[in-house]
Amino acid sequence: MPPKNTPYPQPAEASVGKSVSTNKSGNPAPPKPNKRKVPPQQNAGPNRLDKDSDSVRGPKRPKIHEVRSIAAQKSHAALKDGELNVQSFVNSLSFEMNALDESMRRTRTSQSSRAFQRVPFRMRRRAAAHNYKKVPIRLRKRAIREMEEDNTPTVNSKTRKPKTTKARVRAETARRLGILVKRKRLQKLKSSGADKETISIRAARPKIRRNTVNEPTITAKKFRRRQISKTWLPTHLWHAKRARMTPPKEPLWRFSIPITPTQKVYRPTHRIQWEKGAMAWDMSYMSTIGLSGPQNSVQNIIRSLGLTQEALWNDKAKRWRSGNMHWSGMLTRRSNESVQTIGPATVIWNPEREVDDADKRKQFRQLYIRIHPSAFLELFNEVLRLAKAQNPRPYVEDLRFEIGSIDITGPDSTEALLGVLKAYPSKSDGKELHVSKFESLAGLKDPGTLPFGCILAFSVADPRLHYPPRQVALPKADDSNAQKALLEAISGFRKEESTNPYQLFDRDARFKASKLPSQQSLNRRRSKATPGTNLKPTMIDPPIPIILLASRHSKDAQSAGTWTLMLPWKCVLPIWYSLMHYPLSTGGNPWFGGLDEIRHLTFERGLPWFPGDLPGTDAGKVWELDERKARQKAWDRRPKAKRVNWESLDLGAGRKGEVGVGWSCDYEVLLGLKKADELNRMSIDRKEGDKGPNESPQHGGQAALVNPLESLTQLSKSTFTAHQLPTSEPPPPTSLSTVSIRILGRGIASTCARIYRLPDIKPIASSTRVEVPATNPRYKKIEGKVPPNLRDQWLAQKPSKGNPRKKVIVKEDLDLETRQQLIARQLLSLPDTYPPAPPNSENIQGHHPLCPGEEDLIGFVTTGSFNLRDGRGDAIGSLSATKTAEELRRYKNKNDPAIQLCVVRNAGQNVGWLARWELI
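Residues numbered from 1 in each chain as written. Predicted model: local features only at pLDDT ≥ 70, side-chain atom pairs only at ≥ 80, totals over all residues. Heavy atoms only, no water.

With that settled, consider the overall build of the protein chain. When you go through the protein chain residue by residue, the secondary structure sums to 25 helices and 28 strands. The buried share of the protein chain, taken over its 920 residues, is 41%. Counting contacts in the protein chain only where the partners sit at least 6 residues apart, residues at least 24 apart contribute 72% of the total. (Helix = DSSP H or I, 4+ residues; strand = E, 2+ residues; numbered from the N terminus. Buried < 20%, exposed > 50% of the residue type's maximum accessible area, 1.4 Å probe, protein only. Contact = heavy atoms within 4.5 Å.)

Right, let's talk about a nonpolar patch on the surface for a bit. On the surface, a nonpolar cluster with roughly 440 Å² of combined accessible area is contributed by Leu79, Leu84, Val86, Val90 and Met97. Position of leucine 79 relative to the elements: it lies in strand S1 (residues 79-80). (Patch = residues over 30% accessible without salt bridge, like charges linked within 9 Å, V, L, I, M, F, W, Y side chains within 5 Å. Areas by Shrake-Rupley, 256 points an atom, 1.4 Å probe, with all protein chains shown as cover. Salt bridge = Lys/Arg side-chain N within 4 Å of Asp/Glu carboxyl O.)

Another point: the side chain of glutamate 887. Considering the arrangement of structural elements, one finds glutamate 887 in helix H25 (residues 881-889). A residue is classified by how much of its surface remains accessible, and glutamate 887, at 2% relative accessible area, is buried. Setting aside residues no more than four positions away along its own chain, glutamate 887 makes contact with Arg757, Leu901 and Trp917.

The six strands are arranged S14-S15-S16-S13-S7-S17 in an open sheet whose pairing can be described as mixed. Taken across any chain shown, the strands that pair with only one partner, and hence form the sheet edges, are strand S14 (454-460) and strand S17 (591-592). Judged from the two bridges that link them, strand S7 (residues 279-282) and S17 form a sheet pairing that is parallel. Looking at S17, one finds that methionine 279 is bridged to tryptophan 591. (Pairing = 2+ DSSP bridges.)

Time to look at the sheet that holds strand S8 (residues 287-294). Strand pairs in the sheet, formed through backbone hydrogen bonds, run parallel or antiparallel to each other. The five strands lie next to each other as S9-S10-S11-S8-S12, forming an open sheet whose pairing is antiparallel. Of all the strands in the sheet, the pair left with one neighbour each is strand S9 (327-335) and strand S12 (395-398). Going from strand to strand, the sheet's axes swing by 35° on average, the running direction of each strand aside. When strand S10 (residues 338-349) meets strand S11 (residues 364-371), the two strands line up antiparallel, connected through five bridges. Paired with tryptophan 349 across the strands is leucine 367, a residue of S11. (Axes fitted to C-alpha atoms, helices over the stretch in contact; angles between N-to-C directions.)

Tallied over the entire structure, the rule returns 23 salt bridges. Across the salt bridge formed by arginine 510 and glutamate 402, the nearest N and O atoms sit 3.2 Å from each other. A residue pair is termed long-range when its members are at least 10 positions apart, and arginine 510 in helix H15 (residues 507-513) and glutamate 402 in the loop between S12 and strand S13 (403-409) qualify at 108 residues. By relative accessible area, glutamate 402 is classed as buried at 17%. If you follow the salt bridges from partner to partner, you end up with Glu624, Glu627, Arg628, Arg631 and Glu668 in one network.

Time to look at the packing of aromatic side chains. In total, this model carries 16 aromatic pairs according to the counting rule given. Ring geometry for tryptophan 313 and tryptophan 320: centres 5.7 Å apart, planes at 70°, overall edge-to-face. Both residues of the pair, tryptophan 313 and tryptophan 320, belong to the buried class. Ring geometry for phenylalanine 401 and tryptophan 569: centres 5.8 Å apart, planes at 70°, overall edge-to-face. (Phe/Tyr/Trp six-rings, centres within 6.5 Å; stacked < 30°, edge-to-face > 60°.)

Of note, alanine 389 is situated in the loop between helix H11 (376-388) and S12. As for alanine 389 and isoleucine 301, which are separated by 88 residues in sequence, their C-alpha atoms are 9.4 Å apart.

What follows concerns the nonpolar core. Counting 42 residues, the largest nonpolar core has Leu421, Leu450 and Trp563 as its most contacted members. Those elements giving two or more residues to this core turn out to be S13, helix H12 (413-420), helix H13 (433-439), S14, helix H14 (480-491), strand S15 (544-551), strand S16 (562-568) and helix H17 (572-580). (Core = buried A, V, L, I, M, F, W, Y, C linked by side-chain atoms within 4.5 Å.)

Okay, a positive patch on the surface next. A cluster of basic residues, Lys166, Arg170, Lys222, Arg225 and Arg226, forms a positive patch at the surface. Note that arginine 170 resides in helix H6 (residues 165-191). (Lys, Arg positive; Asp, Glu negative; His and termini not counted. Charge placed at Lys NZ, Arg CZ, Asp CG, Glu CD.)

Contact pair helix H8 (residues 266-274) / helix H18 (residues 595-604): the axes reach a minimum separation of 10 Å and the direction vectors enclose 50°. On the basis of the axis angle, H8 is oblique to H18. Two packed elements cross with a definite hand, and for H8 against H18 that hand is right-handed. Here H8 contributes Tyr266, Thr269, His270, Gln273 and Trp274 to the contact with H18, which in turn contributes Glu597, His600, Leu601 and Glu604. The residue inventory of the contact of H8 with H18, partitioned by class, reads three nonpolar, four polar and two charged. (Parallel < 35°, antiparallel > 145°, perpendicular 65-115°, else oblique. Left-handed = near helix turned anticlockwise from the far one by under 90°. Nonpolar A, V, L, I, M, F, W, Y, C, P; charged D, E, K, R; others polar.)

All right, on to the side chain of serine 405 then. With respect to the secondary-structure elements, serine 405 resides in strand S13. Of the polar contacts made by the side chain of serine 405, one reaches the side chain of arginine 370; its length is 2.9 Å. Excluding its chain neighbours within four sequence positions, the residues that come into contact with serine 405 are Trp281, Asp282, Met283, Ser284, Met286, Arg370, Leu565, Met566, Leu567 and Val572. (Polar contact = N/O pair within 3.5 Å; in protein donor to acceptor, adjacent residues only side chain to side chain.)

On a regular strand, each side chain points to the face opposite its neighbour's, so the side chains alternate between the two faces of the sheet. Of all eleven residues in strand S25 (residues 857-867), nine are buried, a share of seventy percent or more. Alignment of strand S22 (residues 754-757) against S25, held across three bridges, turns out to be antiparallel. By the bridge assignment, tyrosine 756 is partnered in S25 with leucine 857. Examined bridge by bridge, S25 and strand S26 (residues 872-880) share eight bridges and lie antiparallel to one another. Across the sheet, the residue bridging to threonine 863 is isoleucine 876, located in S26.

For H25, every residue scored as buried is listed here: Ala881, Thr884, Ala885, Glu887 and Leu888. All buried residues of H25 project into a common sector of 160° when viewed along the axis, lining one side. (Arc of directions from axis to C-beta.)

It is worth spelling out the confidence of the model for the protein chain at this point. Detailed conclusions should not be drawn from predicted coordinates in areas where pLDDT is low. Summary statistics for the protein chain give a mean pLDDT of 82 and a share of 78% for residues scoring 70 or more. For the protein chain, per-element mean pLDDT is lowest for helix H1 (residues 61-68), which scores 50, and highest for S7, which scores 97. Note that pLDDT drops below 50 for residues 1-21; the model gives that stretch eight contacts with residues more than four away or on any other chain. Here residues 803-810 scores under 50 on pLDDT; set against residues more than four positions off or in separate chains, the count is five contacts. (pLDDT = per-residue confidence, 0-100.)

Negative phi values dominate among residues other than glycine, just as trans dominates among peptide bonds. Here the residue pair tyrosine 467 and proline 468 is connected by a cis peptide bond, since its omega of 0° sits within 30 degrees of zero. Relative to the helices and strands, proline 468 resides in the loop between S14 and H14. Backbone torsion omega between phenylalanine 610 and proline 611 reads 5°, so that peptide bond is classified as cis. Its location among the elements puts proline 611 in the loop between H18 and helix H19 (618-637). Unusually for a residue other than glycine, cysteine 752 sits at a positive phi of about 75°. Relative to the assigned elements, cysteine 752 resides in the loop between strand S21 (735-743) and S22. Positive phi is not limited to glycine here, since glutamine 900 has a value of about 60°. Along the chain, the position of glutamine 900 falls in the loop between H25 and strand S27 (901-905). What makes glutamine 900 partly exposed here is its relative accessible area of 24%.

This is the structure in structure tokens:
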């Protein structure tokens, strides 16, 4: 029996492996008091603590016994003498069995998932878990019921109270400012003599200053402070919830641009381009420059911008000059007796009615130049300079914030536009010519099949009048009559037909279109109409003038073309909403993309992306310098153990260190230019030398930093080909040419990869007497010298189409004596020594040839990745035009298998890959 003063019986296993302390009498000592407080004991029992042991906690052993115990049931009445009476057993449990069957039947027919778990694929589940408005309309009632049953906390932005001090101060400040604005408005109305009457004042038409840059217009005053250093796109609030935007303090080209959607769209972007679907972009950041004036003056300016081809000014280009088609290409400018490339642009003429020949010189013409925002200021200043030299002088207008645009591509892009753009009813009985042409394109899968430079211009109604958009009737794929009618409609675009001036060129038409009725007024009109019917345009619904441009990608005919929709800036958002909600016939809705998706599709088409892949332009130079800083910052942020050590890079043959700076396309090393620090030091010294004797260098003006890439120029393919003629001059020494690179085997090139040409074979000095030594001495490895057969090693890496056996490759332009000596050297060379040389002595890892030396460097990769369409690595690079011309002159035979071959090596790696380049 345990002692009476023990609170509970001591278990036998408590003394196993432990020493129990005893007092002098030999009895076990009482347990030491615990410092933790004992919770109050409500039920008194045999295990209740005494007053002397208040600090001892209650027992936990009964809980362990309950866990280990197994529940048992008394023997059933149907079980007698070990035998079971089945009939009696079933009758006694019939109720439980029926209840189980009924529960299984109800569970099978009931929903097994919650309403917020059945949201669309692109919608975030987290946002739908507490907001019933995030689920489809058919599931909202069920979601409300489930949230009430589960007592799910909901969030209402209108009644949500601020939780932080900063939020409370901001809300109180906004409330007080609202009261103050309302008070000032009432005082102004009273001072004007109005008594309790609402005075509506028509908003003034925004002023467009000529021959100068205009300021952006901010519509919402509450967001004015957020747009001090940048401008929002018309769909900024829509994109900000669904895409990753540029950082607030780091805008791109002074715009807040979506970089990429928050959802995964890399593979869907590829499928949309080549299989099905549509993808749209808000391209309102593309800049538009208006040029208007006498026809001769406008034509002279356009010729000075590089449009000097004879095909643009003869009778065949009459359709372009009349406004029935648009032109896309590179614009250039003259600077210091050299031609500088500005960037790709689109030129659109405004059609004019037929006039007499005598009035053609005085005819007033208008045109739009659409260009990338990174090259806008350069082009605007050049056009303004050329306009001042003309007599009579034309006008130049900055229409960046007057005209927005939307780009949409994919096989279903035409269907989406047909479902959203509804022609505005005209006063005449018949339809406009361009409206009939546009509606006849039902079933068109590729806008690139239309004639080159196709353009459509007409007015559309507010898409909110027939929201939500409904599917358009498309002809069946096996309908031969519909296919024939579509081909006839496509061929009809080539006819020269007189068209009226485009309304998008009219400033009053753009201003009226921006005065769309509010959504609340449309809802009131819809509530009065019959449910399910579309609203008809009235006098308060202005027409929206648009211009549709169909562009094709000349390098790859298989890729789908692109539609470009130009419209007034404030009309972009209503059309964008309807476009994103249009139900495609192939399923789903059109996707939206960001800047990364534009670069992805451009790369898969094998085209350069402006400005990143054109470093010879001014915009490309700025982009390259910014990317250098970003890559250097990312390299510095990594720990030393996890970042590339450029100085210790082993390139084989005793060569140590990366060629140039590893995180940049080091054109200074390629073209022999001076580094940025040297140029800035020279600039500072020059500034200090020009100062007077009494002026101290500390108080003088700081010298402006010099761009080390200032002397770079960009050569187009046509210009480079012209320099290749025998009678023409060689290309400038600091010029670059853009090429597309296709890796022949394995390997993927990344940005800043080095591009080498194949090393040349040095011919053996000829002599009067051919002497072949009895023993050919073995090649001795020299520090900094690559093996003499490195060219043959790289040519052996080229995959062969026929016989896989490697053949001895002998250069055809060598003389007979040199070829005999090369063959004799191969036959009489000593056998390999044993043990063999280390694998890195003459190649990398035993099977990769060494990369050529720095003297064979010809360019850098600006964009490189894995091409999902081709299933191999592709890249876009910039080569030195001088070295490219030398490379082409090396091969007299144009069918030489080594022509246009190169070696691509990623920065920080010593393994190269054989590739082939092609001018674009």
